[in-house]
Amino acid sequence: MDVDTDTVTGVTDPGAEVVVFTPGSTIFRSEIADAFGDWTADFSVPGDQPGEEGIIDFDNFTELAVAEFDADGNATLWQTTPGTYGPI
């Protein structure tokens, strides 16, 4: 998470979909990993998918979660706590 650019980046399997969201709100971004598995969710501007209108000005206390879904609909979820990331 970059508090200067209000973006979240990560790496997963190429073509995987991740959903980045703020727990307890409706602000989210849905991103597809590129051919190298890289993805970026930009919260400084509205997203390009329906429902992605909300923006966030990140600070060191911003909480975010990232969910990656498999073919069965199960999700791996990562959530921030101020200053760290950890699996749930």
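The structure contained in this document is the topic of the report that follows. What you are looking at is a predicted structure, and each value in this text was computed from that prediction instead of being measured.

Overview of the pairing of strand β3 (residues 28-32)
Both faces of the sheet carry side chains from a regular strand, because those side chains alternate between them. For strand β2 (residues 17-21) and β3, the ladder comprises 5 bridges, and the chain directions are antiparallel. The residue of β3 that forms the bridge with Glu17 is Ile32. If you look at the hairpin formed by β2 and β3, you'll find 6 residues sitting between the two strands, and Gly24 has a positive phi there, around 80°.

Re the nonpolar core
Within the largest apolar cluster, 11 residues are counted, these being Val8, Val18, Val20, Ala33, Trp39, Ala41, Phe43, Ile56, Phe58, Leu64 and Val66. Once residues lying within four places of it in the same chain are set aside, the contact partners of Val66 are Val18, Val19, Val20, Trp39, Thr76, Leu77 and Trp78.

What to know about the environment of Leu77
Summarising the element assignment, Leu77 is placed in strand β6 (residues 75-81). Between the C-alpha atom of Leu77 and that of Val19, which follows or precedes it by 58 residues, the distance is 9.5 Å.

A look at the side chain of Thr62
Here Thr62 lies in the loop between β4 (38-42) and β5 (65-69). Only 2.8 Å separates the side chain of Thr62 from the backbone nitrogen of Asp59, close enough to count as a polar contact. Leave out the neighbours within four places in its chain, and Thr62 touches Met1, Ile56, Asp57 and Thr80.

Some remarks on the packing of aromatic side chains
The tally for this structure, following the rule as stated, stands at 1 aromatic pair. Measuring from centroid to centroid gives 5.7 Å for Phe43 and Phe58, while their planes differ by 45°, and the two rings are tilted. Taken together, the positions of Phe43 in the loop between β4 and β5 and Phe58 in the loop between β4 and β5 put the pair 15 residues apart, joining distant regions of the chain. A relative accessible area of 0% means that Phe43 is categorised as buried. We classify Phe58 as buried; its relative accessible area is 4%.

Cut-offs used in this document
- Residues numbered from 1 in each chain as written.
- Predicted model: local features only at pLDDT ≥ 70, side-chain atom pairs only at ≥ 80, totals over all residues.
- Heavy atoms only, no water.
- Pairing = 2+ DSSP bridges.
- Helix = DSSP H or I, 4+ residues; strand = E, 2+ residues; numbered from the N terminus.
- Core = buried A, V, L, I, M, F, W, Y, C linked by side-chain atoms within 4.5 Å.
- Buried < 20%, exposed > 50% of the residue type's maximum accessible area, 1.4 Å probe, protein only.
- Contact = heavy atoms within 4.5 Å.
- Polar contact = N/O pair within 3.5 Å; in protein donor to acceptor, adjacent residues only side chain to side chain.
- Phe/Tyr/Trp six-rings, centres within 6.5 Å; stacked < 30°, edge-to-face > 60°.

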